[in-house]
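Understanding the architecture of this molecule
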There are 4 protein chains.
Amino acid sequence: MTYNTFGRVFRFTTWGESHGPALGVVIDGCPPGILLTADEIQTALDKRKPGTSKFVTQRKEPDAVKVLSGVFEDDTTDGPRTTGAPISLMIDNVDQRSKDYADIRDKYRPGHADFTYDAKYGFRDYRGGGRSSARETAARVAAGVVAEKALAHVLGSAPVIRACLVQMGSHKIDRARFDWMQVSKNPFWCPDPVAAKEWETHLETARKSGSSMGAVVEVVASGIPAGLGAPVYGKLDQDLASAAMSINAVKGVEIGAGFEAAELSGEENADEIRIKNDAPHFLSNRAGGVLGGISTGQDIVLRFAVKPTSSILAPRKTITRAGEETEISTKGRHDPCVGIRAVPVGAAMMALVLADHALMHRAQCG
Amino acid sequence: MTYNTFGRVFRFTTWGESHGPALGVVIDGCPPGILLTADEIQTALDKRKPGTSKFVTQRKEPDAVKVLSGVFEDDTTDGPRTTGAPISLMIDNVDQRSKDYADIRDKYRPGHADFTYDAKYGFRDYRGGGRSSARETAARVAAGVVAEKALAHVLGSAPVIRACLVQMGSHKIDRARFDWMQVSKNPFWCPDPVAAKEWETHLETARKSGSSMGAVVEVVASGIPAGLGAPVYGKLDQDLASAAMSINAVKGVEIGAGFEAAELSGEENADEIRIKNDAPHFLSNRAGGVLGGISTGQDIVLRFAVKPTSSILAPRKTITRAGEETEISTKGRHDPCVGIRAVPVGAAMMALVLADHALMHRAQCG
Amino acid sequence: MTYNTFGRVFRFTTWGESHGPALGVVIDGCPPGILLTADEIQTALDKRKPGTSKFVTQRKEPDAVKVLSGVFEDDTTDGPRTTGAPISLMIDNVDQRSKDYADIRDKYRPGHADFTYDAKYGFRDYRGGGRSSARETAARVAAGVVAEKALAHVLGSAPVIRACLVQMGSHKIDRARFDWMQVSKNPFWCPDPVAAKEWETHLETARKSGSSMGAVVEVVASGIPAGLGAPVYGKLDQDLASAAMSINAVKGVEIGAGFEAAELSGEENADEIRIKNDAPHFLSNRAGGVLGGISTGQDIVLRFAVKPTSSILAPRKTITRAGEETEISTKGRHDPCVGIRAVPVGAAMMALVLADHALMHRAQCG
Amino acid sequence: MTYNTFGRVFRFTTWGESHGPALGVVIDGCPPGILLTADEIQTALDKRKPGTSKFVTQRKEPDAVKVLSGVFEDDTTDGPRTTGAPISLMIDNVDQRSKDYADIRDKYRPGHADFTYDAKYGFRDYRGGGRSSARETAARVAAGVVAEKALAHVLGSAPVIRACLVQMGSHKIDRARFDWMQVSKNPFWCPDPVAAKEWETHLETARKSGSSMGAVVEVVASGIPAGLGAPVYGKLDQDLASAAMSINAVKGVEIGAGFEAAELSGEENADEIRIKNDAPHFLSNRAGGVLGGISTGQDIVLRFAVKPTSSILAPRKTITRAGEETEISTKGRHDPCVGIRAVPVGAAMMALVLADHALMHRAQCG
């Protein structure tokens, strides 16, 4: 495992810069015989793509995916099916506008990776953040579709993986109003329709003033059997934490009760177990579906905090590559709350981690 | 990377069960020529070992380490030095009392990995939690000493890696009183002497009633140069999240501002940069020392939430292996707050991640 | 490391089928700041591409490479330089003629992977061998260029990596006539001009009769310092053996004296050492430049045997997918001696292994 | 995968030096529920251990194995069974005689890794070759037992893995007399009783004169189903080549016809296929049981060449660490033909590679 690869036996490698000719992902280890069409991947990509509302970047990217390898179809098959060979997916970059970024060539944008890339590599593609751009997450979403299908294939039934925004800025949803059906009905993937309305006002204010807001994303996987994951460094929650923290701008990760667990007593925290329908049934899910790094059969619950977009209008103190003090104000087409577009990315990462663990489990335990 | 190995080029593999004859770790990739004595490792292990106060388990384990390979000494050397070969460290288990655990053979302890191990493997060493026991973390602490020395060797100067408890239950420290010098002066590794006093009361109450408390650990690495880490799946903060979440009972992880970052505006969150002493100087550290997955040169700040010990006296609803409903009350020598002993483990994991990244950086960037 | 990835820290992943839209490679871990143009890669690809003489397949593939990521150029740079991000290279498939392969859909070609792919995956892209086609080696040659530049960058001086054919069928070169300058002067990469002439006759006879010939390739790397490689499972010769055996149709691998070493006495085999120009100097090189898995500073000498092309005109006994006995005669545009086109592939694999080891060495030993 | 680990999902890491306190191996990824006793491992180790005849080193090592983790037994089980946790095996070093090696401290032994270790690490454990000693192969043999059991467990039936010596010096066996039953009846693991007699004379002559001989080992695995292995860099034969070349003193590797394949025509080389007992049946096995990197269901046939022991009595030209020319004559208890003791090691590596591939296959293909 090096720098741009994730996973053990269901493994993917992404490549591409924000303003290069294209970006893509190569997925290796996918089981053979799975029906996989470009349309399915495209549908998922369309959820993440720029320009879908005024609350996300206005960059115009069709994010049209090409499937370059790993599937095969002839007149005897019912469509393209995976062959077990690596699946290469590519998305051309279209709306690059490199000139927009000429001013960030010499100044490090606070909160961005400009300074650290220069510190590490000594040379960087500064256009749109280059490799550090969140455009890379399009490749994750595309790979996530393959993962979700592989996971259903291996489990023998399709799990349900859903994600939503449960907090924008300091404004949390009301859990009593939580409704997955609401998620696709507002531009924020918010499961609480009342909160969604309020967030609209908050974010519009931030957007108009050239400011930005953070958010918290929640991802839930239902229908995952007990037994996925492994001690001690192949823990399911460990990999979920790794996956979530690898998403741009994420600064915190929780499983189940998360940080609240620290405030509970042992009696409050440990989920009691009963039998229901001849199967183990937990009376609560503070564990978030993982005990000892292995799934319990309950919902897997992952949450992660996304910092506010660092590209803001207000002038900020910074330095130049040459080491001189200056200021920078980031104009351009930025997401006022990057957390929104991180929602499908979070779901994709959940699928990718679970697919890897499902295959790893099958390797060791049959 | 499979189930019991962590790291890329500075890599370690742990083995051993709570009640087996021994536990250990094999560290591979350590640079040659580093002075490494068993005494140094022992000193670190003594911080984590059981029985040091009434607030930790009363199991009596000397946790005496043996260095079995990877170092060499003759009459021309000033002590044992690493040779570049794998370093094998072993700790005998002494105080096992297997009979204590006979009652957990057939009942799944809520909040423990008993059920999930059975669900996964169909067969388990139930004694003391077997492989899922926190005794495994002794191996991490031992490996952490090697990592810290390797890191200093590669960086050319010794970073300072420190850890403490910043919250017990719902009781947080007062940041205004934060003092690293206090950490070793109380049984909680607490940097706030006032809070330490209060915690003593809280934890004593919990302990006496057979209950338990959660906690939050903070780990800070100072003296780490800018440039360690890598996009996109080799992010420094990603690996820190993975490392922290791999520790027993951890349910949440934060870097820098963490979940609070979600509540900040872009202006508040992004750390501004100035020049100080001819070097980049950040005016704040909400990033926790990592931007775009790469270190900024500031303190690396990691926090993680530890759930309350699940082994408590109060009877809890559970089921048996045979699928019958029952209750269990966990007697025995348990930590009333496992977060305390997670402090040196957190510091060790920080060192292990940083050593791996320092070597990886050297591989790619010289 | 899974199925389509090679290397540890200088790592590449290939993708693509013989008759899919394209094939490619993603290279991760390349040091930043290295000048890398598409032209350089193209020059290497042209050596391997089909249709260059009547002794190789007449498939018409321009094998034009596109560099899609990982390099950056602006008006301040002297050309495109690597950034440390993954380098994605793609080659479109042009001359696919899928109809040529309709007859191999149901019959397993002896000596090919048709049967084994079906046995493993149950479903395969049969066109031109799909993923098992030697077209995949174009991706290796492209990656090899990057590896060679990375290696020179890390070593501080450019090693010389050369490959040639030392045997065709049972006809070996005369070592007394070995001359690297001859290699590019005949269509066989043969270092012995007399042998090259004779091989022309032999291969023409085989080609005309629809038969094929095997070959032995030798790859030599000069200018590699002592110290690359590692015990015990990161041996330089081990990785070279792995690399060579991963090339299509390779059935044997040797380092230095190879199988002949088995026939020597200890006195004859072990290379004696003297001092020359203030440096260790070996009086012979039966070790092939590797002792204990680590380079000695002498030439690294790798040889591998390539079996004769299995696609031949003579009818051969085989079975159908349905399990019926039948015969097959393979028409089409095949290499009468695939060993010829394996020569640049062998050189590329040497460069890829050495680059990985040079980076690994730098990681551990600075 | 770093320096001392082999395998993907059935993975082992060895540690230990020739004259350290012990050596060992940690095996990770083994399926749970497999009966595994120390006695079984001991039986295998006894085949490789020193001092069994005058034709191997007279070092007296009991090579007694301890199983430290990964198995569990209580009064309800029929013996110790694997739990899925890492299996740690340790062998104490007993007969070390460090003083024997005092003279090699400053002189590099030709044909040994002394010079290259120093070139790489700058510091080494010179006693008995330290980490480069063939004593490390005891750990492989121990791990091989676990692999063989895991393989049988996963396949549902026990394959037969056998190894023998087919050549000593220039003296090959007569294939017409090949008989596996003979292998255990002579001190050379020779399947040809006539050759075994002759070798006795040859080796006795070499031994008495302080010289040494090379050898060729053949390993055959029967009962392996079609479908194990994977393109393109997870080839079964590639991993076998890697495994074989990782064994001390190995300089060449062949699969099936090996180097002879280069001399065959396409007609002669490609194995024809018929149906026999309702299953595919190959009329020959020049492929050695692998096509396109995937097993065909035929015997897997691996051969490797072992160079003659470099530790010989005759004085050899060499240099000192300080760079001065000198001579060295290696006294001590050395194997006159290390190829003999490489036989069980070859069988173990075959089992280890196959177990890994069986698990990998199950991961991807169920």
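Conventions adopted
Residues numbered from 1 in each chain as written. Chains lettered and ligands numbered in written order. Predicted model: local features only at pLDDT ≥ 70, side-chain atom pairs only at ≥ 80, totals over all residues. Heavy atoms only, no water. Least-squares fit on C-alpha atoms with pLDDT ≥ 70 in both. Contact = heavy atoms within 4.5 Å. Pairing = 2+ DSSP bridges. Helix = DSSP H or I, 4+ residues; strand = E, 2+ residues; numbered from the N terminus. Axes fitted to C-alpha atoms, helices over the stretch in contact; angles between N-to-C directions. Polar contact = N/O pair within 3.5 Å; in protein donor to acceptor, adjacent residues only side chain to side chain. Buried area = accessible area lost by both parts, 1.4 Å probe. Salt bridge = Lys/Arg side-chain N within 4 Å of Asp/Glu carboxyl O. Nonpolar A, V, L, I, M, F, W, Y, C, P; charged D, E, K, R; others polar. Disulfide = S-S within 2.5 Å. Buried < 20%, exposed > 50% of the residue type's maximum accessible area, 1.4 Å probe, protein only.

Attention now moves to the relation of the copies chain B and chain A. When chain B is brought onto chain A, the operation consists of a screw motion whose angular component is 180 degrees and whose axial shift is 0.0 Å, with 0.0 Å RMSD remaining. The transformation relating the two chain copies, once decomposed into turn and shift, fits a two-fold axis.

Of the transformation superimposing chain B on chain C, the axial component is 0.0 Å and the angular component is 180 degrees, with the fit at an RMSD of 0.0 Å. An overlap of 100% is found between the interface residues of chain B and their copies at the interface of chain C, pointing to a shared contact surface.

We now examine the sheet that holds strand E4 (residues 65–67) of chain B. All names here are of chain B. Strand order in this open sheet of 5 strands is E1-E2-E3-E7-E4, and the pairing throughout is antiparallel. The two strands at the open ends of the sheet, each matched to only one other strand, are strand E1 (5–6) and E4. Relative to strand E3 (residues 22–28), strand E2 (residues 11–16) runs antiparallel, the two sharing 6 bridges. Bridging across to E3, Trp-15 finds its partner in Gly-24. Helix H3 (residues 137–155) contacts E2, E3 and strand E7 (87–92) of the sheet and is inclined by roughly 30 degrees relative to E3.

Residue and element names in this part refer to chain C. Within the element layout of this structure, Asp-114 appears in helix H2 (residues 114–121). Within the local environment of Asp-114, its side chain forms a polar contact with the side chain of Arg-109, the two groups lying 2.7 Å apart. Filtering out sequence-adjacent residues up to four positions away, Asp-114 remains in contact with Lys-107, Tyr-108, Arg-109 and Arg-124.

Turning to the interface of chain B and chain A, a few remarks are in order. Contact with chain B, which involves 106 residues of that partner, is made by 105 residues of chain A. Both sides of the chain B and chain A interface together cover about 8600 Å² of buried area, and 60% of this is carbon and sulfur. A per-residue breakdown of the area chain B buries against chain A is headed by Tyr-3, Tyr-233 and Lys-251 of chain B, which together make up 11% of the total. Applying the counting criterion to the chain B and chain A interface returns 4 salt bridges. A salt bridge links Glu-325 of chain B to Arg-274 of chain A; the shortest N-O distance between them is 3.5 Å. Counting across the interface, chain B meets chain A through 57 residue pairs in polar contact (both at pLDDT 80 or more). Looking at the side of chain B that touches chain A residue by residue, the class counts come to 51 nonpolar, 35 polar and 20 charged. The pairing of strand E11 (residues 250–255) of chain A with strand E11 (residues 250–255) of chain B spans 3 bridges and is antiparallel.

By definition, a disulfide links the sulfur atoms of two cysteines through a covalent bond. The final tally for this structure, using the stated rule, is 0 disulfides over all chains. A disulfide-free cysteine, Cys-190 of chain A has its sulfur positioned 7.5 Å from the sulfur of Cys-164 of chain A, the nearest such atom. Cysteine Cys-30 of chain D remains unbridged, with the sulfur of Cys-365 of chain A as its closest cysteine sulfur at 10 Å. Overall, Cys-30 of chain D belongs to the buried group, its relative accessible area being 1%.

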